[in-house]
Amino acid sequence: MLTLGIETSCDETAVAIVADGVTVRSNVIGSQIERHRPYGGVVPEVAARAHLELLVPTIDRALVEAGATYDDLDAVAVASGPGLVGALLVGVSAAKGIALAHDRDLIGVNHLEGHVCAAQLELGRLPRPLVALVVSGGHTALLLLDAQGRMRELGATIDDAAGEAYDKIARFLGLGYPGGPEIDRLSLSGDAEAIAFPRAMLDEGGFDFSLSGLKTAVVRELRRREAAGREVPVADVAASFQEAIVDVQVAKTLAAAEAHDVGDVLVVGGVAANSRLRERMRQACEATDRRLLLPSPALCTDNGAMIAAAGANRLADGQRSELGLSADAGLALDGLVLPDLPEAWR
Ligand code: KG4
Ligand code: ZN
């Protein structure tokens, strides 16, 4: 079964073709990074207009790279939320147009469900129960996929998403956009113990996260040093900031796995590409005898293949969306049931 996956929830125009929910035939990203770079962040209106311009050529490239035509496709899957509403609308409208024009099945999926399902493209069927940390530019969520496949949100950020904090601090430090990869790279040459930044809600707050205090602490520390005429060691600040974020992410994820007696841990979303988070999560899971599922960085950041994978599971389960499908900027994840990967595709 060939599924076309369309992802336009934020700043990547991404399209992929996936066979039987697990085999990537093509995975193309029409990046908008250069268009948002002058603003140091994603501008929603710019993103929506860029999707409009980039989507059709990106679909064409995905078809060519997969050696397929519209006739070969069985279905179209699209991220219908959460995300920027104008951006989502472009993908949803295109998916509906293709489904109608070529008489193909249509399925709308949750963007975060897509991030979780990205793992099946490399690792096959996701074990259940499973604790998943989803960390991206727009979201920080700690999820429990229970034995029945139901998603339960154990915790989420009460202010900034992880990627958002990386991007804001990077901008403050005068680094490029997107900031996450810049801080990751710079941290390799910095001392992570140089500055003791706060680990917010580490021991309290259940499984919720907060990053605004850390952000303020970084800004205050830099201003203090500047006022005192002291040099600002940017690599040390980056490494110390990153370590503070990673400490909390690892501790809360492991605590959730412990509390729910779960042996499998999944980390996904753009920030899961962070090398320090990957390293620390590997160590922590090894030390507690847990299995860590960690897709390669290219499948952690937004892509169309994860949407096709999530959609294929739903289609195989007999689900379809109507042509009345609409974009939902606040589409909820809590309580969503994820159909298991069918036997035939394992
Ligand atoms: O999942 P994603 O591609 O898009 C959203 O759904 O938001 O995540 C993008 C976010 C950006 O904030 C980016 O700075 C961050 O992921 N990111 C990273 C790294 N690579 C991407 N953050 C930390 N370290 C990285 N290596
Ligand atoms: Zn995402």
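Refer to the structure above for everything that follows.
Every chain's residues receive numbers from 1 upward, in the order its sequence appears when written. Chains carry letters and ligands carry numbers; both start at the beginning, A for chains and 1 for ligands, and go up in the order they are written. Whole-chain, interface and lining totals are the exception, using all residues; otherwise, since this is a predicted model, local features are given only for residues with pLDDT of at least 70 and side-chain atom pairs are given and counted only at 80 or more. With hydrogens and water set aside, each side-chain value is computed from the structure's full complement of heavy atoms.

Undergrad: I would appreciate a short explanation of the packing of helix α6 (residues 162-172) against helix α9 (residues 234-259) in the present structure.
TA: Describing two packed helices takes the angle between their axes plus the distance from one axis to the other. Taken N-terminus to C-terminus, the directions of α6 and α9 make an angle of 175°; their axes are 11 Å apart at the nearest point. Here α6 is positioned roughly antiparallel relative to α9, judged by the angle of their axes. The residues of α9 that touch α6, namely those facing A162, A165, Y166 and I169, are F241, Q242, I245, V246 and Q249. Class assignment of the residues belonging to the contact of α6 with α9 gives a composition of seven nonpolar, two polar and no charged. Axes, fitted as lines to C-alpha atoms, cover a helix only where it is in contact. Angles between the N-to-C directions of the axes lie from 0 to 180 degrees. For helices the rule is a DSSP run of H or I covering at least 4 residues; for strands it is a run of E covering at least 2, with both sets numbered from the N terminus onward. For classification, angles of less than 35 degrees are called roughly parallel, those exceeding 145 degrees roughly antiparallel, those between 65 and 115 degrees roughly perpendicular, and all remaining angles oblique. In what follows, residue pairs with any heavy atoms lying within 4.5 Å of each other are defined as contacts. By the convention adopted, Pro, Cys, Tyr, Trp, Phe, Met, Ile, Leu, Val and Ala count as nonpolar, Lys, Arg, Asp and Glu as charged, and the other residues, Gly among them, as polar.

Undergrad: Is there a simple way to think about the packing of α6 against helix α8 (residues 212-227) in this case?
TA: One way to put it is that α6 packs onto α8 with a least axis distance of 10 Å and a crossing angle of 10°. Compared by their axis directions, α6 and α8 come out roughly parallel. For the pair formed by α6 and α8, the contact residues are K168, I169 and F172 on the first element and K215, V218, V219, L222 and R223 on the second. Tallied by class, residues from the contact of α6 with α8 come to five nonpolar, no polar and three charged.

Undergrad: I would appreciate a short explanation of the packing of aromatic side chains in the present structure.
TA: How two aromatic rings sit relative to each other is given by the distance of their centres and the angle of their planes. By convention, a stacked pair of Phe, Tyr or Trp rings (six-membered ring in the case of Trp) has centres within 6.5 Å and planes under 30 degrees apart, an edge-to-face pair has planes over 60 apart, and any other such pair is tilted. Scanning the model with the defined rule gives one aromatic pair in all. On the numbers, 5.5 Å between centres and 80° between planes, the contact of Y166 with F241 is edge-to-face. Placement of the pair is Y166 in helix α6 and F241 in helix α9, with a sequence separation of 75 residues. The class for Y166 is buried, based on a relative accessible area of 1%. A cation sits over an aromatic face here: K252 above F209, 5.9 Å from the ring centre. In this scheme, a residue with accessible area under 20% of its type's maximum is buried, one over 50% is exposed, and one in between is partly exposed, where area comes from a 1.4 Å probe on protein chains only. Placement of a positive charge over a ring is assigned whenever Lys NZ or Arg CZ falls within 6 Å of the ring centre and within 35 degrees of the normal to the ring plane.

Undergrad: What is the right way to look at α9 in this model?
TA: In an α-helix there are 3.6 residues to a turn, and that puts residues three or four apart on one side. In this scheme, a helix's expected span is set at 1.5 Å multiplied by one less than its residue total. Taking 1.5 Å per residue as the helical rise, α9 with its 26 residues ought to reach 38 Å, and the 38 Å between its terminal C-alpha atoms agrees with that figure. With 19 of 26 residues buried, α9 is to be regarded as a mostly interior element. D261 occupies a position one or two residues after α9 and carries a positive phi of about 55°.

Undergrad: Whenever I open this one, the state of the cysteines confuses me. Can you help?
TA: In protein chemistry, a disulfide is the covalent bond that joins the sulfur atoms of two cysteines. A pair of sulfur atoms, both from cysteines and within 2.5 Å, is called a disulfide here. Following the criterion strictly, the structure yields zero disulfides and no others. Its sulfur unpaired, C300 is 14 Å from the next cysteine sulfur, which belongs to C117.

Undergrad: For this particular structure, what's the right way to read the sheet that holds strand β9 (residues 264-268)?
TA: Note: strands within a sheet are paired through backbone hydrogen bonds, in either parallel or antiparallel orientation. Spatially, β8-β7-β6-β9-β10 is the arrangement adopted by the five strands of the open sheet, whose pairing is mixed. Because the sheet does not close on itself, it has two edges, and the strands there are β8 (151-156) and β10 (291-293). Recorded for the sheet is a direction-independent mean angle of 25° between the axes of neighbouring strands. By definition, two strands form a pair when at least two bridges between them are found by DSSP.

Undergrad: For this particular structure, what's the right way to read the site of ligand 1?
TA: Nearness is defined per residue: one heavy atom within 4 Å of the molecule or strand is enough. Contacts to ligand 1 come from 19 residues, most closely from G137, D167, D184, G270 and D302. Polar contact criterion, stated in full: a pair of N or O atoms within 3.5 Å, where within protein one must be able to donate a hydrogen and the other to accept it, and residues adjacent in sequence count only if both atoms are side-chain atoms. H111 is positioned with one of its side-chain polar atoms (N or O) 3.2 Å from an oxygen atom of ligand 1. Interatomic distance of 2.9 Å between a side-chain N/O atom of D302 and an oxygen atom of ligand 1. Think of a 1 Å grid over the protein atoms and nothing else: a 1.4 Å probe that fits but is trapped marks a cavity, an open set flanked by protein within 12 Å on at least five of seven lines marks a pocket, and residues with an atom within 4 Å of a point count as lining. Placement in a cavity or pocket follows one criterion, namely that more than half of the molecule's atoms lie within 2 Å of its grid points. Mapping ligand 1 onto the cavity grids shows that it belongs to the largest pocket.

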